[in-house]
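Now for the letters of each chain:
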Amino acid sequence: MEPLTLESPVWQRWHDRWHHRFAEWQTWRRHLHRHPELAFQEEATATFVAERLRAIGLTPQTGWAKTGVVASITGTMGAGPTIALRADMDALPLEEANTFDHRSCHPGRMHACGHDGHTAMLLAAAEAIAAEPDFAGTVVFLFQPAEEGGGGRASWSKKGCSMPLRSTRSTHCTTGRVCRLAPLRFIPAR
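Residues numbered from 1 in each chain as written. Predicted model: local features only at pLDDT ≥ 70, side-chain atom pairs only at ≥ 80, totals over all residues. Heavy atoms only, no water.

1. Points about the pattern of salt bridges
Counted according to the given criterion, the structure contains five salt bridges. Arg 17 serves as the salt-bridge partner of Glu 132, at 2.8 Å between the closest nitrogen and oxygen. With a gap of 115 residues between them, Glu 132 in the loop between α4 (115-131) and β4 (138-144) and Arg 17 in helix α1 (residues 9-18) connect regions that are remote in the sequence. Overall, Glu 132 belongs to the partly exposed group, its relative accessible area being 35%. (Salt bridge = Lys/Arg side-chain N within 4 Å of Asp/Glu carboxyl O. Helix = DSSP H or I, 4+ residues; strand = E, 2+ residues; numbered from the N terminus. Buried < 20%, exposed > 50% of the residue type's maximum accessible area, 1.4 Å probe, protein only.)

Here you go:
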């Protein structure tokens, strides 16, 4: 399989189809960055996520592991594998020193690890997949709370978020580097 690069035809088609949405998706990330919430306190974040998912025609389920959100899309081409895409939503208990307009408005809390970006990217992916569901199977979108040492992953599994998944993927971004898609194994396949 050819690697996906900014010059690849797949990327170019996706960019041409969705570039008009990039500015809106950026406002989502900046909103989330400005309003960080700590582990298991992601109430406003969960509301924001659920509202965006409803706006694209999905039916989000809230309250997973207290503040998590789950939604899914079944493709139009029949039965197939179920895969999950996951983003973490919590912030860190740090004082933000940045001076840009979308810096944290909550003293002692900030998105220092990219979870605002992860959440916005997964919302954008949900929008794009919902608009073009020409695939076989189901895509589940998992917005996980409390990834930063708060036990969100363990709580997620204990609270019943286990389903027969072929695979689970998550993004991870590091400042100054390209984001990568990483496999996760915290939800047991049955």
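Structure's up, so let's keep going.
2. Here's the deal with α4
Each α-helix turn comprises 3.6 residues. Residues three or four places apart therefore point the same way. Relative to the 24 Å expected for 17 residues at 1.5 Å per residue, α4 spans 24 Å between its end C-alpha atoms, a close match to the ideal helical length. Among the 17 residues in α4, twelve count as buried, and that is most of the element. Those residues of α4 lying buried are His 115, Asp 116, Gly 117, His 118, Thr 119, Ala 120, Leu 122, Leu 123, Ala 124, Ala 126, Glu 127 and Ala 128. (Expected span 1.5 Å × (residues − 1).)

3. Quick word on the nonpolar core
Among the nonpolar cores identified, the biggest contains 24 residues, and Val 49, Leu 53, Leu 58, Leu 123, Phe 141 and Phe 143 are the most heavily contacted of them. The set of elements that each furnish at least two residues to this core consists of α2 (22-34), α3 (43-55), β2 (68-74), β3 (82-88), α4 and β4. In terms of residue count, the dominant contributor to this core is α4 (six residues). In this structure, Leu 53 is in contact with Leu 58, Pro 60, Val 69, Ala 71, Leu 123, Ala 126 and Phe 143, ignoring residues within four places of it in sequence. Counting five residues, the second largest nonpolar core, distinct from the first, contains Trp 64, Val 70, Ala 84 and Val 140. (Core = buried A, V, L, I, M, F, W, Y, C linked by side-chain atoms within 4.5 Å. Contact = heavy atoms within 4.5 Å.)

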